[in-house]
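Each chain, written out:
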Amino acid sequence: MDNAAPDAQVIASPTMHANGADPSILQVENLVKHFPVRSGVLQRVAAWVKAVDGVSFDIREGETFGLVGESGCGKTTVGRTILRLVEPTAGKVIFRGQDVFATKRRDMKLLRKDMQIIFQDPFSSLDPRMPIGQSIGEGLHVHGINGAAADQRVRQVLDEVGLHPEHSRRYPHEFSGGQRQRIGIARALALRPKLIVCDEPVSALDVSIQSQVLNLLNDLQKEYGLTYLFIAHNLSVVEHISNRVGVMYLGRMVELTDRRELFVNPLHPYTKALISAVPVPDPTLKRERIILQGDVPSPLNPPSGCRFHPRCPVAVERCKRVEPAWRDVGSAGTEHWVQCDQVEPKIEDQ
């Protein structure tokens, strides 16, 4: 791991386990990732970018966990750090009972067979000088699957994502954006993983193509029992595909609950503002638009107390000084975690 920033702080945030729920396939506990800012001739560390600063959640096997927030909130860093594409500063990630961060580098190859990623930009993630069949089969070769068996698997996954096996001889520039994203999905699917991190997989696509790719992801999940960490900034997409949703702001998780509960009963002021910006398809229905004031603070020097207080419409003096607790305020049978002291727990009727 990287050396932790001197002032790194984490929130003791419990992961969510509903009564009777299937065991979690992934547990993330107090995940921290700070990037050093170097300056001077000697390139000494002058400051730390607190991209992720104490995030905790779990993902249950077979579900889609949506992770949303504005650009720069740290959600992509969370996904890449979980896979150790970026080394963590602190925290713990448990995947199927195995401590990912404690696993030696030489043993990560076996672990990554079950943990794959779909990148946001399918074009930049594919080698332009390599036929797509070779790109898809690269992971197979690393894990000892070669020859006819590898060729058959490549043809199979191409067919599963809606492409022709003959396309394996073509190069990335010969495909449309939607087709290239299908190639990215095929590459992630080739090793038959258990968990796939979907890093904004439809944000670069036209709306009509987005629905096709989302339906494809749903179909593949049902067929192979896949688990998704679905990272996005589009709440409409997250509402369509996710089972539970976590909302991030400036490196911290501010709300986490069931998808339906989040969209029907958002509690955190930031979540309310995000949902108010989602277009309503029925013109007879009106939704009050919440306009946040100011810009997102810099992760180099986040605000004291609640990080959202400079833009929050309900902030009080205490919010400027005291970090709000991460607590469950849901009613019986419904977990609803929020980091805001202005939210009151529900009181059940007796």
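As a reminder, the structure under discussion sits directly above these lines.
Thresholds, definitions, all that
- Residues numbered from 1 in each chain as written.
- Predicted model: local features only at pLDDT ≥ 70, side-chain atom pairs only at ≥ 80, totals over all residues.
- Heavy atoms only, no water.
- Helix = DSSP H or I, 4+ residues; strand = E, 2+ residues; numbered from the N terminus.
- Contact = heavy atoms within 4.5 Å.
- Buried < 20%, exposed > 50% of the residue type's maximum accessible area, 1.4 Å probe, protein only.
- Pairing = 2+ DSSP bridges.
- Axes fitted to C-alpha atoms, helices over the stretch in contact; angles between N-to-C directions.
- Salt bridge = Lys/Arg side-chain N within 4 Å of Asp/Glu carboxyl O.
- Core = buried A, V, L, I, M, F, W, Y, C linked by side-chain atoms within 4.5 Å.
- Expected span 1.5 Å × (residues − 1).
- Phe/Tyr/Trp six-rings, centres within 6.5 Å; stacked < 30°, edge-to-face > 60°.
- Polar contact = N/O pair within 3.5 Å; in protein donor to acceptor, adjacent residues only side chain to side chain.

Undergrad: So what exactly am I meant to see when it comes to the environment of Q98 here?
TA: Examined against the element boundaries, Q98 turns out to sit in strand 5 (residues 98-99). Each C-alpha atom, one on Q98 and one on I25, is 10.0 Å from the other, the two residues being 73 residues apart in sequence. When neighbours within four sequence positions are excluded, Q98 is seen to be in contact with V93, T103 and L111.

Undergrad: Before we go on, may I ask you to explain the pairing of strand 10 (residues 252-258) in this structure?
TA: Within a regular strand, side chains alternate between the sheet's two faces. Most of strand 10 is tucked away: 6 of the 7 residues are buried. Sheet topology note: the strand 9 (residues 244-249)/strand 10 ladder contains 6 bridges and is antiparallel. Looking across to strand 10, one finds that Y249 is bridged to R252. In textbook terms, the turn of a hairpin is the stretch between consecutive antiparallel strands, and for strand 9 and strand 10 this stretch comprises 2 residues, one of which, L250, has a positive phi near 50°. Two elements, strand 10 and strand 12 (residues 336-338), share 3 bridges in a ladder whose sense is antiparallel. Residue pairing in the sheet places T257 in a bridge with H336 of strand 12.

Undergrad: Would you mind showing me how to read the sheet that holds strand 10 here?
TA: Pairing between the strands of a sheet comes from backbone hydrogen bonds, and it takes one of two forms, parallel or antiparallel. The mixed open sheet is built from 8 strands, whose spatial order is 6-7-8-3-9-10-12-11. Unpaired on one side and paired on the other, strand 6 (115-118) and strand 11 (327-328) mark the two borders of the sheet. Strands strand 3 (64-68), strand 6, strand 7 (195-199), strand 8 (227-232) and strand 9 of the sheet are contacted by helix 1 (residues 75-82), whose axis makes an angle of about 150° with strand 8. In this fold helix 6 (residues 207-224) packs onto strand 3, strand 6 and strand 8, with an angle of close to 160° to the strand it touches most, strand 8.

Undergrad: Would you mind showing me how to read the pattern of salt bridges here?
TA: Close approach of charged atoms allows side chains with opposite charge to pair. Taken as a whole and assessed by the stated rule, the structure comprises 16 salt bridges. Among the ionic pairs, R244 bridges to E63, the shortest N-O distance being 2.7 Å. Of the two residues, R244 sits in strand 9 while E63 sits in the loop between strand 2 (44-60) and strand 3, which places them 181 residues apart along the sequence. Each member of the pair R244 and E63 is classed as buried. For the salt bridge of R84 with E87, the shortest nitrogen-to-oxygen distance reads 3.3 Å. Taking the relative accessible area as the measure of exposure, R84 reaches 9% and is therefore buried. Via salt bridges that share partners, D53, R252, R307 and E323 belong to a single interconnected network.

Undergrad: Just to check I follow, could you spell out the nonpolar core for this structure?
TA: Nonpolar side chains in soluble globular proteins tend to be buried together. In this structure, I136, I185, L217 and F230 are the most contacted members of the largest nonpolar core, which totals 53 residues. In this structure I136 touches V154, V157, L158, I183, A186, R187 and A190, once residues within four positions along its chain are discounted. Listed in part, the 32 residues of the second largest apolar core include C73, F101, L256 and W337.

Undergrad: Would you mind going over helix 5 (residues 177-189) with me for this structure?
TA: Every α-helix carries 3.6 residues per turn, so stepping three or four residues along brings you back to the same face. The end-to-end C-alpha distance of helix 5 is 18 Å, a good match for the 18 Å that 13 residues give at a rise of 1.5 Å each. Where burial is concerned, most of helix 5 is hidden: 10 out of the 13 residues are buried. Here helix 5 has its buried residues at G178, R180, Q181, R182, I183, G184, I185, A186, A188 and L189. Where helix 5 is buried, its residues meet strand 6, helix 3 (132-142), helix 4 (147-160), strand 7 and helix 6.

Undergrad: How should the packing of aromatic side chains be read in this particular structure?
TA: Geometrically, a pair of aromatic rings is defined through the distance of the ring centres and the angle of the planes. Using the criterion set out here, one finds 5 aromatic pairs in the structure. Centre to centre, the rings of F57 and F65 are 4.9 Å apart; their planes meet at 10°, and the pair counts as stacked. A relative accessible area of 1% means that F57 is categorised as buried.

Undergrad: What is the right way to look at the side chain of H268 in this model?
TA: You can see H268 is positioned in the loop between helix 8 (259-264) and helix 9 (269-276). H268 sits in the buried class, given a relative accessible area of 1%. Among the polar contacts made by the side chain of H268, one reaches the main-chain carbonyl oxygen of Q339 at a distance of 3.3 Å. With near-sequence residues (within four places) excluded, H268 lies in contact with V254, E255, F308, V338, Q339 and C340.

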